[in-house]
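The lines below spell out each chain.
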Amino acid sequence: AFYFKNTFGIKDSVEKMKTDWNEMATDMYTNEVKLKKGAKEILTLLSQNKIKTGIATSNSRELTQLVLKALNINDCFETIVTGCDVTSGKPNPDIYLLAADKLKVMPERCLVFEDIPNGIIAGKKANMKVCAVDDLYSKNIEQRKRKLADYFINDFNEVINTFERHGH
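Evaluated as defined, the whole model comprises four aromatic pairs. Residues Phe 4 and Phe 8 carry aromatic rings whose centres are separated by 5.4 Å and whose planes lie at 45 degrees to one another, so their mutual orientation is tilted. With Phe 4 and Phe 8 both in helix α1 (residues 2-8) and four residues apart, this pair spans about one turn of that helix. For Phe 8, a relative accessible area of 55% puts it in the exposed group. Grouped by ring-pair contacts, the aromatic residues Tyr 3, Phe 4, Phe 8 and Trp 21 constitute a single cluster. One cation-aromatic arrangement involves Arg 146 over Phe 152; the distance from NZ or CZ to the ring centre is 3.8 Å.

Below, the discussion takes up the nonpolar core. The nonpolar side chains of a soluble globular protein tend to be buried, and buried together. Core analysis: the largest hydrophobic core is formed by 17 residues, its most contacted members being Ala 56, Ile 95, Tyr 96, Val 112, Ile 120, Met 128 and Ala 132. Elements with a contribution of two residues or more to this core: α5 (94-103), α6 (117-125) and β4 (129-133). Among the elements that make up this core, the one with the highest residue count is α5 (four residues). If you look at the next biggest cluster of nonpolar residues, it comprises 11 residues, including Ile 42, Leu 45, Cys 131 and Phe 163.

Another point: the pattern of salt bridges. For the structure shown, the criterion picks out eight salt bridges. Between Lys 36 and Asp 135 there is a salt bridge, and its shortest N-O distance comes to 2.7 Å. Placement of Lys 36 in the loop between α2 (14-31) and α3 (39-48) and of Asp 135 in the loop between β4 and α7 (142-148) is noted, with a sequence separation of 99 residues between them. With a relative accessible area of 29%, Lys 36 lands in the partly exposed category. Glu 114 is paired through a salt bridge with Lys 90; the nearest N and O atoms lie 2.8 Å apart. Of the two residues, Glu 114 sits in strand β3 (residues 111-114) while Lys 90 sits in the loop between β2 (79-82) and α5, which places them 24 residues apart along the sequence. Look at Glu 114 and you get buried, because its relative accessible area is 6%. Residue classification places Lys 90 among the buried residues on the basis of a relative accessible area of 17%. Via salt bridges that share partners, Asp 134, Lys 139, Glu 142 and Arg 146 belong to a single interconnected network.

Parameters and conventions
- Residues numbered from 1 in each chain as written.
- Predicted model: local features only at pLDDT ≥ 70, side-chain atom pairs only at ≥ 80, totals over all residues.
- Heavy atoms only, no water.
- Phe/Tyr/Trp six-rings, centres within 6.5 Å; stacked < 30°, edge-to-face > 60°.
- Helix = DSSP H or I, 4+ residues; strand = E, 2+ residues; numbered from the N terminus.
- Buried < 20%, exposed > 50% of the residue type's maximum accessible area, 1.4 Å probe, protein only.
- Lys NZ or Arg CZ within 6 Å of the ring centre and 35° of its normal.
- Core = buried A, V, L, I, M, F, W, Y, C linked by side-chain atoms within 4.5 Å.
- Salt bridge = Lys/Arg side-chain N within 4 Å of Asp/Glu carboxyl O.

Structural data, given as structure tokens:
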């Protein structure tokens with residue numbers, strides 16, 4: 001907020017800007033964010049097969065819990081790690097390593113689903129397999145995502161199909 005205030009000559013206080021941004025984010029995460037195709041189904045399938053799931057996000061804990069509740073998936077994850085829980089954000093691997101530790105799973109046994117290059121890089125640095133996920137907002141860098149990741153999916157139904165074919 002300080003950077004934006006100074007760079008763009010915004011007259012509002014830094015505190016007012018942060019409050020406004022949080023209100024806008026709250027509205028967006030509550031009313032506009034939708035699950036990717038097949039996401040709810042894959043979460044159900046993983047739960048039925050006793051496969052641990054976690055979230056490692058740069059978002060705040062408050063916004064993360066808000067969107068999980070709005071999407072009715074707040075009980076689908078064993079752990080949630082946010083940017084507030086680590087000192088270094090993505091592309092450093094800290095957030096993924098902490099999530100694996102909380103899940104009591106070795107990093108090399110984890111599969112990360114990511115839609116941004118810094119997250120893909122972080123997952124790879126954590127010694128995890130990474131699946132890039134198609135995303136409208138990062139369509140212009142899809143080739144970079146494909147190059148960085150181990151796998152690429154257009155939606156989670158592809159994961160469900162693979163899971164069912166190979167029995168996970």
